[in-house]
Amino acid sequence: MHDMLQFARGPLFRLAFLVMALGLLRLVILALWGIGQMIYRARDHNNPYSKIVKTTLTWLIPIQRLHRIRPWLSYSSFLFHMGLIVTPIFLLDHIHLWRASIGISWPGIPKTAADALTLLVLAAGILLIGIRIFNPYTRRVSGFMDYFLVLLILFIFSTGFIASRPYNPIPYETSMLIHVLSADLILLLAPFTKIAHCVLFPLVRMTSELAWKFPPEAGKDAAIQVHGEVKPI
Amino acid sequence: MANPAAAAAPEQSAKAKKYPYYIEKPLEEGRVKQFLDIFAAILRHSNYKPLLDIYSRVVTRCARCAGGCQIYQATGDPEDIPCYRSNLLLGVYRRHFTLGGWLRGRILGDPGLQESTIDEMLDAFYHCTGCRRCNLECPMGLDHGLVMRLARNILSEMGIVPKALLVSVREQLQGKTANTSAIPAPAMMDTCEFLEEELADLTGQKIHFPIDREDVEYVFFPAVSDYLLEPDTLMGNAAVLYAAGDQDNWTIGTKYFDGINYGLFYNDAILGRIVEKEIAEVRRLRGKKILIGECGHASRSAKAFVPTFNGGEAIPVVSIQEYTFNALEQGKITLDPNAVTETVTYHDPCNLARSGWIVEQPRKILKSFVKNFVEMEPHGAENYCCGGGGGTVSLDEVHDYRMKVVGKIKAEQMRATGAEIIVAPCANCKKQLKELVDYYKIPATVVGLHDLILRAIRFPEKNGAATSEETYEAGEIKENSPVSV
């Protein structure tokens, strides 16, 4: 058991992390390449960049917009993300691991704060899943991954939370192994699922805006490729 | 929340939902292959591939957009959630144009695009009015309006376009009259002469509609339907131009005088061809600027796409509202504050307001002479669509849908203001709002902005305002500033 745990948080973690880092890097490069291509193909280069950046930043911390529509969804989603970003990176136990595996470390947050954040993530995550299931509208647009990823995150947080508690019914190492393995899994999945939005987010609005600058011949060329000519209307 | 009629007779309702609009030719066989071929061709030549690439990766299906969509709010039908609609197309993209989707399809045995999906699309994408209100509420920044356009573009290359739009565009691009209302140039000139006489009676001034004048500042393109339906708007436009001293500085071209561009709603190639006609007419008359009348999509399609289809070079595009606002700011026009005593509210056309382009200008104009101005809530960039956006206002066959579903919120908004006059500076919105006012029996009149200005505009005894060139420079409109439109 001990060896397996060492493997899961040693080599396996490093592999998962590498897959995540390289995979996400690939997505960013592809997205930037796409943006470059869009600018190159468009004839009109008068783009409102400062407005795009401003809107993107507003949505990075969207506090003033959350209450406006679907407040339950918006707030739980926001808190979920906050806990999700802060806890794994700043929990002291994790920082030790980071130092052990990649050799750098940084100041952490107190354990009580981490506990509180974990509970927050669990509560918000359960709420999010609840909204997805019980709101018939959201249920219609949801697919397997939409449930699975949140459940996986909840699973990671709850196993991490109870691993070292006195009331943990399963042995420490077993629960730790489950915790680490599922964490490795989500890192592996990141570049191939919607989790990719963690790095693509800043580029989405830019892409949306640039896509309105059409290459002038695009419509005609596509029509010619399909019909062999520009057909009369 | 589902429509009770749909629950009672699912067969019938599904059938009724299938083709919400008339199309010209019966649908052909082998549509799946056709759809995918066209999709592939468009992806190859256009800028949509990077867009769909990033969209299909980040779309989280949080459905927050549902809260912003007025159609969804009226129907409560999950299939009206903007994200669901976009996913119809994103799903096809993922399955047929990405490696991951192809692999997954192979492993899970997903056959991909089906005839039934196409049926669903031709229904879904013409339910949307392209108001892009959902874009404001998407945390990720997806533009469902753009995805909707792309889907319509693919469908239109398959021959699936609402007949009303197709017929108008055919006349505009291939017909003798070269405009969507099929008004021959002599008839347009007759109308202008008649309006000149009307204006003389109304104001006592010799206000002209200059035809085919060369080397002028402004070449004027209103929504061509204004010549048939909105004489007051046109007279208001001419009166302002006259009062501001630009009487001899604008013109209407006889070769092409239509601002309407249905290409914006469904097809890139057509969008381009129509914009090119506008540019050609401005070139022919050696005009300096494009002046668009009161029309949302005409303004936006020119403002946003003239640089694209003019080799990257911008011919300044001015909306008549910007023009009037500037004239007012410079004190060139005088509006009588006692002329309009009714309560007035202003409807923001999505194509003007969503990007924040024209929001404050008309309000400042109105507030300068209207005593009782009230706002709808929400308004400005967050306004609700009139319910006839995206070309749907031209489809009489979806009248009930426009009234009962899409326009419902707008009707409630209008009623809540208690306004007697609803100002809508857009030919499209005006038609829809007038129908709404009738349908919901709202005690109000729908007019254009310049209709009201015409009622209030006053001229000095001796008109000495013919010094346009020098004075106008001072308040130059910033035509070339980057706007997202």
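In this text the structure is predicted, and so the values were computed from the model without any measurement. (Residues numbered from 1 in each chain as written. Chains lettered and ligands numbered in written order. Predicted model: local features only at pLDDT ≥ 70, side-chain atom pairs only at ≥ 80, totals over all residues. Heavy atoms only, no water.)

**Quick word on the interface of chain B and chain A**
Alright, step 1. Counting residues at the interface gives 69 residues for chain B and 60 residues for chain A.
Alright, step 2. When the buried surface of chain B facing chain A is broken down by residue, Asn47, Arg57 and Arg64 of chain B rank first, second and third, together holding 13% of it.
Alright, step 3. Counting across the interface, chain B meets chain A through five salt bridges.
Alright, step 4. One salt bridge in this structure joins Arg65 of chain A and Glu137 of chain B, with 3.9 Å as the shortest N-O distance.
Alright, step 5. In this assembly, chain B and chain A are joined by 27 residue pairs in polar contact (both at pLDDT 80 or more).
Alright, step 6. Of all the elements in the fold, those that place two or more residues in the side of chain B that touches chain A are helix H3 (31-45), helix H4 (48-58), helix H9 (133-137), helix H10 (144-157), helix H11 (163-174), helix H16 (268-284) and helix H17 (296-309) of chain B. (Contact = heavy atoms within 4.5 Å. Buried area = accessible area lost by both parts, 1.4 Å probe. Salt bridge = Lys/Arg side-chain N within 4 Å of Asp/Glu carboxyl O. Polar contact = N/O pair within 3.5 Å; in protein donor to acceptor, adjacent residues only side chain to side chain. Helix = DSSP H or I, 4+ residues; strand = E, 2+ residues; numbered from the N terminus.)

**Some words on the packing of helix H14 (residues 231-243) of chain B against helix H18 (residues 320-329) of chain B**
Residue and element names in this part refer to chain B.
Alright, step 1. Where H14 meets H18, the axes come as close as 10 Å, and the angle between the chain directions of the two elements is 40°. If you check the angle between H14 and H18, you find them oblique. Like other packed secondary-structure pairs, H14 and H18 cross with a definite hand, here left-handed. Two secondary-structure elements touch here, H14 through Asn237, Val240 and Leu241 and H18 through Ile320, Tyr323 and Thr324. (Axes fitted to C-alpha atoms, helices over the stretch in contact; angles between N-to-C directions. Parallel < 35°, antiparallel > 145°, perpendicular 65-115°, else oblique. Left-handed = near helix turned anticlockwise from the far one by under 90°.)

**Re unusual backbone geometry**
Residue and element names in this part refer to chain B.
Alright, step 1. Of note, the bond from Glu377 into Pro378 is cis; its omega dihedral lies within 30 degrees of zero at -10°.
Alright, step 2. Among the structural elements, Pro378 can be located in the loop between strand S7 (372-374) and helix H21 (399-406).
Alright, step 3. Look at Arg61: it is not a glycine, yet its phi comes out positive at around 50°.
Alright, step 4. For Arg61, the location among the structural elements is in the loop between H4 and helix H5 (70-75).
Alright, step 5. Taking the relative accessible area as the measure of exposure, Arg61 reaches 14% and is therefore buried.
Alright, step 6. With a phi angle near 55°, Ala182 is a residue other than glycine that sits in the positive phi range.
Alright, step 7. In this structure, Ala182 sits in the loop between H11 and helix H12 (185-203).
Alright, step 8. For Ala182, a relative accessible area of 39% corresponds to the partly exposed category. (Buried < 20%, exposed > 50% of the residue type's maximum accessible area, 1.4 Å probe, protein only.)

**Brief notes about the pairing of strand S1 (residues 218-221) of chain B**
Residues and elements named next belong to chain B.
Alright, step 1. With burial as the criterion, each face of S1 is covered, one bearing Tyr218 and Phe220 and the other bearing Val219 and Phe221.
Alright, step 2. Here two bridges tie S1 to strand S2 (residues 250-251), and the two strands are oriented parallel to one another. Bridged to Tyr218 within S2 is Trp250.
Alright, step 3. The pairing of S1 with strand S3 (residues 289-292) spans four bridges and is parallel. In the sheet register, Phe220 faces S3, and the bridge partner there is Leu291. (Pairing = 2+ DSSP bridges.)

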